[in-house]
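The lines below spell out each chain.
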Amino acid sequence: MTRVVAAVLCTLLMATGAYAKTFYGQFSLSGSAFSDPGLVVNTYPSHGSGSFHLEAGESKHIDLFHIWTNEYYVNHDDKKPQSINAAFKFAGIGAGILSGTTVGSSYAYGLLQGGHVSWDNPLELAFGQGEKLILSLSDSKFNWGIFGTSPGYKHGANVKLKVTYEVAPVPLPASALLLLGGVAGLGLMRRRRKAA
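Our subject in this report is the structure included herewith. Bear in mind the structure is a predicted one, so any value in this text is a computation, not a measurement. (Residues numbered from 1 in each chain as written. Predicted model: local features only at pLDDT ≥ 70, side-chain atom pairs only at ≥ 80, totals over all residues. Heavy atoms only, no water.)

1. Remarks on the pattern of salt bridges
Now for step 1: Counted by the stated rule, this structure contains three salt bridges.
Now for step 2: For Lys 160, the salt bridge identified is with Asp 63, shortest N-O distance 2.5 Å. On the criterion of sequence distance, the pair formed by Lys 160 in strand β11 (residues 157-167) and Asp 63 in strand β4 (residues 59-69) is long-range, its members being 97 residues apart.
Now for step 3: For Asp 63, a relative accessible area of 46% gives the class partly exposed.
Now for step 4: The shortest N-O distance in the salt bridge between Glu 124 and Lys 132 comes to 3.4 Å.
Now for step 5: The exposure class of Lys 132 is partly exposed, given its relative accessible area of 30%. (Salt bridge = Lys/Arg side-chain N within 4 Å of Asp/Glu carboxyl O. Helix = DSSP H or I, 4+ residues; strand = E, 2+ residues; numbered from the N terminus. Buried < 20%, exposed > 50% of the residue type's maximum accessible area, 1.4 Å probe, protein only.)

2. Notes on the packing of aromatic side chains
Now for step 1: Applying the stated rule across the entire model yields eight aromatic pairs.
Now for step 2: Consider the rings of Phe 52 and Phe 90, whose centres lie 6.0 Å apart with planes at 80 degrees: the pair is edge-to-face. On the criterion of sequence distance, the pair formed by Phe 52 in strand β3 (residues 47-55) and Phe 90 in strand β5 (residues 82-90) is long-range, its members being 38 residues apart. Neither Phe 52 nor Phe 90 differs from the other in exposure class; each is buried.
Now for step 3: Members of the aromatic cluster, each reached through a chain of ring pairs, are Phe 23, Phe 52, Phe 90, Phe 127 and Tyr 165. (Phe/Tyr/Trp six-rings, centres within 6.5 Å; stacked < 30°, edge-to-face > 60°.)

Shown next as structure tokens:
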């Protein structure tokens, strides 16, 4: 009887599409935001690798990198948006790029000055049979100060990576067929035991 219950539970889990996966990936940053003209930014780290585990439908937030500027003032050329790109590559899944911009801003005739980064979210990587890894990066403001920026690492901001694992649901007819097949298999096993 224990085997019958275990087989039915296994069949039901297969039919409902219970998924969990560990993802292994790497990222690197590039773009014109790291040099003049424009508000020159620094990041740490600028590349890296790691892994995370997700259940189907689950999301996680990860501190991906820190961004800051060492410039003391937002000048006219710093107000022109500059590109920053985050390239991602995941083993067995694929690769893609999230594009963003950095820009310096000043308000109230230069009373408040600082920078911000914004991203063209999301990046969707499709793989397997109806599976998706969805990536998005947080917009952040950094180094804001009065009559100039507050330069340096400690006045910067963290950019967070949000990762979401999505799985297309198994259609009801397919799951019903899996369940019927499991029950039929159990019936055949029982019949053979009685015959023996």
